Amino acid sequence: NELPEQTSVGDRIVEQVLASLRANPDAPVRLAHKIDNTQRTVGARLAGQLGLRPGAARLPAGQVQITFTGSAGQSFGAFGLHGLNLVLIGEAQDYVGKGMSGGEIVIRPPEEARFVPHQNVIMGNTALYGATGGRLFAAGVAGERFAVRNSNAVAVVEGVGDHGCEYMTGGVVVILGETGR
């Protein structure tokens, strides 16, 4: 039951995760995929489909873990929910974890990277915009407007650009390095 080659990474993970959960609803799901910056909103459709499952109870913490390698496009992990963990070995564009309500996103450079993570940007602007839950851990610096309108997410990042944590009403953000204005 192979999907066509032009199927997006987001579509592939939806099919794979839902098939695994249909086969064994209690088993952990572990996947790995390459990703490139033309792949946008990866994880968003999966979160929506997981939330729509008939009689779907909240997934156990970490039941679905998907590891990506490469450069993620905009809105990686948007609308993430409890039980969905996304690991990105590489970097991401803007809006990582937008509207996230649960789960976990980890972004780190590859082992062979020749740069110092706390001195380099690993994700774009406006990460965790409007997040109401979940966790984000980044081994690198985030762009501007990090965790804007965050109301309950937890994040650890090595630095942020201007206007970090604007309008933040809850949650915890630990910035280990420099901040912008």
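Given the structure is predicted, the values throughout are model-derived calculations rather than measurements. (Residues numbered from 1 in each chain as written. Predicted model: local features only at pLDDT ≥ 70, side-chain atom pairs only at ≥ 80, totals over all residues. Heavy atoms only, no water.)

Q: Would you mind showing me how to read the nonpolar core here?
A: One broad rule of soluble globular proteins: the nonpolar side chains tend to lie buried together. Core analysis: the biggest nonpolar cluster contains 43 residues, and Ile 66, Phe 68, Phe 76, Met 123 and Phe 146 have the highest contact counts within it. Sort the elements by how many residues they give to this core and helix α1 (residues 9–23) lands first, with six residues. (Core = buried A, V, L, I, M, F, W, Y, C linked by side-chain atoms within 4.5 Å. Buried < 20%, exposed > 50% of the residue type's maximum accessible area, 1.4 Å probe, protein only. Helix = DSSP H or I, 4+ residues; strand = E, 2+ residues; numbered from the N terminus.)

Q: Just checking my understanding: could you explain α1 for this structure?
A: Three or four residues apart is the spacing at which side chains of an α-helix point the same way, because the helix has 3.6 residues per turn. For α1, built from 15 residues, the straight-helix expectation of 21 Å at 1.5 Å per residue is met to within 8% by its first-to-last C-alpha distance of 21 Å. Residues of α1 that are buried include every one of Val 9, Gly 10, Arg 12, Ile 13, Val 14, Val 17, Leu 18 and Leu 21, and no others. In the core, the buried residues of α1 are packed alongside β1 (29–35), α2 (44–52) and β2 (64–72). (Expected span 1.5 Å × (residues − 1). Contact = heavy atoms within 4.5 Å.)

Q: Is there a simple way to explain the pairing of strand β4 (residues 101–108) in this structure?
A: Both faces of the sheet carry side chains from a regular strand, because those side chains alternate between them. When strand β3 (residues 84–92) meets β4, the two strands line up parallel, connected through five bridges. Bridge pairing in β4 places Leu 88 opposite Ile 107. Taken together, the five bridges between β4 and strand β6 (residues 133–138) define a ladder with parallel strand orientation. Residue Glu 104 lies in a different strand from β6, and its bridge partner there is Arg 135. (Pairing = 2+ DSSP bridges.)

Q: Would you mind showing me how to read the packing of aromatic side chains here?
A: Aromatic ring pairs are described here by two measures, namely the spacing of the ring centres and the angle between the planes. Scanning the entire structure with this criterion turns up one aromatic pair. Centroid distance Phe 68 to Phe 76: 5.5 Å. Interplanar angle 85 degrees. Geometry classified as edge-to-face. Of note, Lys 98 hangs over the ring of Tyr 95, and the distance from its end group to the ring centre comes to 5.3 Å. One cation-aromatic arrangement involves Arg 149 over Tyr 167; the distance from NZ or CZ to the ring centre is 4.9 Å. (Phe/Tyr/Trp six-rings, centres within 6.5 Å; stacked < 30°, edge-to-face > 60°. Lys NZ or Arg CZ within 6 Å of the ring centre and 35° of its normal.)

Q: Sorry if this is basic, but what is going on with α2 here?
A: Those residues of α2 not exposed but buried are Ala 44, Leu 46, Ala 47 and Leu 50. Angular distribution of buried residues about the axis of α2 spans 165 degrees; they occupy a single face of the element. Check the buried side of α2 and you find it contacts α1, β2 and β3. (Arc of directions from axis to C-beta.)

Q: Just to check I follow, could you spell out the side chain of Glu 158 for this structure?
A: Its place among the elements puts Glu 158 in the loop between β8 (154–157) and β9 (172–175). In this structure Glu 158 is buried but unpaired, with Arg 108 as the nearest side chain of opposite charge at 11 Å. Excluding residues that lie within four positions of it along the chain, Glu 158 makes contacts with Pro 117, His 118, Ala 138, Ala 139, Gly 140, Val 141, Leu 176, Gly 177 and Glu 178. (Lys, Arg positive; Asp, Glu negative; His and termini not counted. Salt bridge = Lys/Arg side-chain N within 4 Å of Asp/Glu carboxyl O.)

Q: What should I look at first to understand the pattern of salt bridges in this one?
A: When the charged atoms of two side chains with opposite charge come close together, those side chains can pair. With the rule as written, the count across this model stands at five salt bridges. A salt bridge links Arg 45 to Asp 11, with the nearest nitrogen and oxygen atoms 2.7 Å apart. With a gap of 34 residues between them, Arg 45 in helix α2 and Asp 11 in helix α1 connect regions that are remote in the sequence.

Q: What exactly am I supposed to notice about the packing of α1 against α2 here?
A: The relative placement of two packed helices comes down to the angle between their axes together with the axis-to-axis distance. Where α1 contacts α2, the two axes come as close as 8 Å, and the packing angle between them is 30 degrees. Classified by the angle between their axes, α1 and α2 sit roughly parallel to one another. The chirality of how α1 crosses α2 is right-handed. Across the interface between the two elements, Asp 11, Ile 13, Val 14, Glu 15, Val 17, Leu 18 and Leu 21 of α1 pack against Arg 45, Leu 46, Gln 49 and Leu 50 of α2. Counted by class, the contact of α1 with α2 contains seven nonpolar, one polar and three charged residues. (Axes fitted to C-alpha atoms, helices over the stretch in contact; angles between N-to-C directions. Parallel < 35°, antiparallel > 145°, perpendicular 65-115°, else oblique. Left-handed = near helix turned anticlockwise from the far one by under 90°. Nonpolar A, V, L, I, M, F, W, Y, C, P; charged D, E, K, R; others polar.)

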